[in-house]
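Residue-level structural notes
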Amino acid sequence: HLNMILRCADKPAISLATLSAILHADIVDAAFRCINGSVAVSASELESIPLPSVNQAREIEVLVNNRATREQINEAVSKMYLFEADGQGIALVA
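Attention in this report is confined to the structure presented alongside it. Only a predicted model underlies this, so the values are computations on that prediction, with no experimental measurement involved.

Considerations on the layout of surface pockets
Estimates place the volume of the largest pocket at around 1100 Å³. Residue lining of the largest pocket: 35 residues in total, with Ile 5, Leu 19, Leu 23, Leu 46 and Leu 51 positioned closest to the centre. Among the secondary structure elements, those contributing two or more residues to the lining of the largest pocket are helix H1 (16-23), helix H2 (26-35), helix H3 (43-47) and helix H4 (54-65). Of all the elements, H1 adds the most residues to the lining of the largest pocket, at five residues. Per-class residue counts for the lining of the largest pocket are 23 nonpolar, eight polar and four charged.

Encoded structure:
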């Protein structure tokens, strides 16, 4: 099967490039691996990934538009998450 991300508004709040940058961040990958250990990805698993707020995503969009490096984007996205080393997982910083 194929999972597709479709826009649900004529003018999305963030660009596809920004969404892609967030989804490719190491911390989001780690969060997803906490949810699913399989190579098969379902739509419900994609929907369960904790993602930054629109305002936080707009901060990443500035980096994307300014052609920031992957490391810079990784660092910025990572600051939006709290990693619990005690086995509680990963959550977004409120």
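On we go.
Describing the side chain of Thr 18
If you trace the backbone, Thr 18 turns up in helix H1. Within the structure, the side chain of Thr 18 is placed 2.9 Å from the side chain of Ser 15, a separation counted as a polar contact. The contact partners of Thr 18, leaving out residues within four places of it in the chain, are Ala 57, Ile 60, Glu 61 and Val 64.

Examining the environment of Lys 79
Positionally, Lys 79 belongs in the loop between helix H5 (70-78) and strand S1 (81-84). Owing to a relative accessible area of 61%, Lys 79 belongs among the exposed residues under this scheme.

Some thoughts on the environment of Val 28
Tracing the backbone through its elements, the reader meets Val 28 in helix H2. What Val 28 contacts, discounting residues up to four positions off in sequence, is Ile 22, Leu 23, Ile 49, Val 77 and Tyr 81.

Brief notes about H4
Its 12 residues place the ends of H4 16 Å apart at the C-alpha level, agreeing with the 16 Å of an ideal helix rising 1.5 Å per residue. Those residues of H4 lying buried are Gln 56, Ala 57, Ile 60, Glu 61 and Val 64. Down the axis, H4 shows its buried residues gathered within 155° of arc, on one side only. Turned more than 90 degrees from where H4 packs its buried face, Asn 55, Glu 59 and Asn 65 sit exposed. The secondary structure elements touched by the buried residues of H4 are H1 and H5.

Rules and cut-offs
- Residues numbered from 1 in each chain as written.
- Predicted model: local features only at pLDDT ≥ 70, side-chain atom pairs only at ≥ 80, totals over all residues.
- Heavy atoms only, no water.
- 1 Å grid on protein atoms, 1.4 Å probe; cavity = no way out; pocket = protein on both sides within 12 Å on 5 of 7 lines; lining within 4 Å.
- Points joined across faces, edges and corners; volume = space filled by probe spheres on them.
- Helix = DSSP H or I, 4+ residues; strand = E, 2+ residues; numbered from the N terminus.
- Nonpolar A, V, L, I, M, F, W, Y, C, P; charged D, E, K, R; others polar.
- Polar contact = N/O pair within 3.5 Å; in protein donor to acceptor, adjacent residues only side chain to side chain.
- Contact = heavy atoms within 4.5 Å.
- Buried < 20%, exposed > 50% of the residue type's maximum accessible area, 1.4 Å probe, protein only.
- Expected span 1.5 Å × (residues − 1).
- Arc of directions from axis to C-beta.

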